[in-house]
Amino acid sequence: MYLSVTDSPAPFYCCYLLRSLKPGSKDYVYVGSTPNPTRRLRQHNGEITAGAAATRSRRPWEMLLIVHGFPSKAAALQFEWAWQNPHMSRHSSFDAVPFKDKRMLYGSAQKRLETKLVALCVMLTLPPFRLWPLNVACPDPLLYADVQSRALAHAVPKHIAIDNREIARVFEQAATDISYLGLPAAGELCGVCNDALTESRPWGACAECSATWHLACLANQPASLSLPLLPTTAHCIRCQHQFTWGQAVRAFTLSN
Ligand SMILES: [Zn+2]
Ligand SMILES: [Zn+2]
């Protein structure tokens, strides 16, 4: 029972990684975000006019992977910025990043595939991103295997699913697959911090009693395992119902 659900689902919004196929542009990549990855790739490749001027000189492009499951456009844009600028994201949580990764993330090769793959895996282990119900779709078999082993090596949280579905298919299915709780109702409060819930901060609801909270606030509850570890279990702040963190994250969507 989700008593506070509104009828408008959060629209699909994803971050994507492009690789240039232009001769001499080996592993030159570009990070962006869009509500429609199929159409956006056509824009980058000049098949549709308007937009994408920054990538004109490196055409053609292929879309290697997308990250989706963002609770809002604002959340996707936050992820996009950090992925584009890991060298500027000197958030204190980056202190925990191993030195060899840090050297790459803060280095000059910001447009290289290797840098973006490391940045992606590192970001998925850091707050706030690791608390979000994200998924990665990476259809190329070789790159998919590569991303999987990197995710394992970086200990990307298990609730973040990495699959090899076709990107166009993920996008088509999103309309039917994804049924978010929707935007929080006006005036609805986080049961932990008492601040208003907004669409820009991921939130969840208890499946038992419909209490609501910011995911980050719930993760910081003493009952959850303390950060910097990802909590493995959490308790509802109202009814004490216990669930795994994966369930807390998935509680954000109605389909689970
Ligand atoms: Zn809160
Ligand atoms: Zn509850």
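Cut-offs and rules
Residues numbered from 1 in each chain as written. Chains lettered and ligands numbered in written order. Predicted model: local features only at pLDDT ≥ 70, side-chain atom pairs only at ≥ 80, totals over all residues. Heavy atoms only, no water. pLDDT = per-residue confidence, 0-100. Helix = DSSP H or I, 4+ residues; strand = E, 2+ residues; numbered from the N terminus. Contact = heavy atoms within 4.5 Å. Donors = N, O, S within 2.8 Å, 3.2 Å for Na, K, Ca; no water. Tetrahedral: all angles 85-135°; square planar, octahedral: opposite > 155°, others 65-115°. Buried < 20%, exposed > 50% of the residue type's maximum accessible area, 1.4 Å probe, protein only. Pairing = 2+ DSSP bridges. Axes fitted to C-alpha atoms, helices over the stretch in contact; angles between N-to-C directions. Salt bridge = Lys/Arg side-chain N within 4 Å of Asp/Glu carboxyl O.

Looking at the confidence of the model for the protein chain
Should the pLDDT be low somewhere, the predicted coordinates at that spot are not to be read in detail.
At step 1: For the protein chain, the mean per-residue pLDDT works out to 81, and 79% of the residues sit at or above 70.
At step 2: The least confident element of the protein chain is helix α8 (residues 245-250), whose mean pLDDT is 65; the most confident is strand β1 (residues 14-20), at 97.
At step 3: In this model, residues 1-9 is a region of pLDDT below 50 whose contacts with residues beyond four sequence positions or in other chains number 22 contacts.

Describing the coordination of the zinc ion (ligand 1)
At step 1: Only C190 (SG), C193 (SG), H214 (ND1) and C217 (SG) from the protein reach the zinc ion (ligand 1) as donors, at distances of 2.1 to 2.3 Å.
At step 2: Around the zinc ion (ligand 1), the 4 donor atoms are arranged such that angles at the metal cover 102 to 119°; this shape is classified as tetrahedral.
At step 3: Donor residues for the zinc ion (ligand 1) sit on one chain with the sequence pattern C-x2-C-x20-H-x2-C. Placement of the pair is C190 in the loop between α6 (167-177) and β6 (203-205) and H214 in strand β7 (residues 212-214), with a sequence separation of 24 residues.
At step 4: Residue class for H214 comes out buried when judged on its relative accessible area of 1%.

Quick word on the sheet that holds strand β2 (residues 29-34)
At step 1: Strand order in the open sheet made by the 5 strands is β2-β1-β3-β4-β5, with mixed pairing throughout. Either end of the sheet is taken by a strand with one partner, and the two such strands are β2 and β5 (161-163). Neighbouring strand axes in the sheet, compared pairwise and without regard to direction, differ in orientation by 20° on average.
At step 2: Pairing of β1 with strand β3 (residues 61-68) involves 6 bridges; the strand directions are antiparallel. Paired with Y16 across the strands is I66, a residue of β3.

With respect to the pattern of salt bridges
Opposite charge on two side chains allows them to pair when their charged atoms are near.
At step 1: Scanning the entire structure with this criterion turns up 7 salt bridges.
At step 2: Two residues, R19 and D27, come together in a salt bridge whose shortest N-O distance is 3.1 Å.
At step 3: On the basis of relative accessibility, which here comes to 24%, the residue D27 falls in the partly exposed class.
At step 4: The salt bridge involving E47 is made with R42; its shortest N-O contact spans 3.3 Å.
At step 5: With relative accessibility at 52%, the residue E47 sits in the exposed group.

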